[in-house]
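Residues per chain are reported as follows:
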Amino acid sequence: MTSTSLEAYQKINKDGTVGQQAEEILKFLKFHGEPMTNKEIQQSTGLEISSVSGRVNDLKKRGLVEVVGKRPCGVTGNTASIVLPVSNYDRWKKIFLTE
């Protein structure tokens, strides 16, 4: 990470933007209820892709979202990881992954 990126992150972390963005993404994922790629989250929320990627990584580290697989992204068509909030993941796994 460049020093400029680090400085920008520290600034938005200090003013609470990081927490607000993470909360917005988590609420959106819970409401949506289906696994999404970062680019799909970005398109739906209007946040910058760099912000979405950073906040999703923060949420993964905190155990609040989990990567549940990969599939073609609805925005780019490229194969990408898809995430769900942990609580939705448990419900989704029971519905779709039980035999």
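Placed above this text is the structure.
The paragraphs below set out a description of the structure included in this document. (Residues numbered from 1 in each chain as written. Predicted model: local features only at pLDDT ≥ 70, side-chain atom pairs only at ≥ 80, totals over all residues. Heavy atoms only, no water.)

### Some remarks on the nonpolar core
What counts is decided by this rule: We define the nonpolar core as a collection of buried residues of types Ala, Val, Leu, Ile, Met, Phe, Trp, Tyr and Cys that are connected through side-chain atoms lying within 4.5 Å of one another. Relative accessibility under 20% of the residue-type maximum defines a buried residue, over 50% an exposed one, and the middle range a partly exposed one, all with a 1.4 Å probe and only protein chains included. By definition, any uninterrupted DSSP run of H or I lasting at least four residues is a helix, any uninterrupted run of E lasting at least two residues is a strand, and each is numbered from the N terminus.
Core analysis: the biggest nonpolar cluster contains 13 residues, and Ile 25, Leu 29, Ile 41, Val 52, Val 56 and Leu 59 have the highest contact counts within it. Those elements giving two or more residues to this core turn out to be α2 (17-32) and α4 (49-61). When residues in this core are grouped by element, the largest group, 5 residues, is from α2.

### Some words on the environment of Glu 40
How we decide: Throughout, a residue-residue contact means that at least one pair of heavy atoms, one from each residue, lies within 4.5 Å. Throughout this description, a polar contact denotes any pair of N or O atoms lying within 3.5 Å of each other; where both atoms belong to protein, one of them has to be capable of donating a hydrogen while the other can accept it, and for residues adjacent in sequence the pair is counted only when both atoms sit in side chains.
Mapped onto the elements, Glu 40 comes out in helix α3 (residues 38-45). Look at Glu 40 and you get buried, because its relative accessible area is 10%. In sequence terms Glu 40 and Ile 82 are 42 residues apart; their C-alpha atoms lie 9.5 Å from each other. Each residue touching Glu 40, except ones within four places of it in the same chain, is listed here: Pro 35, Arg 71, Cys 73, Gly 74 and Val 75. In terms of polar contacts, Glu 40 uses its side chain to reach the backbone amide nitrogen of Gly 74, at 2.7 Å.

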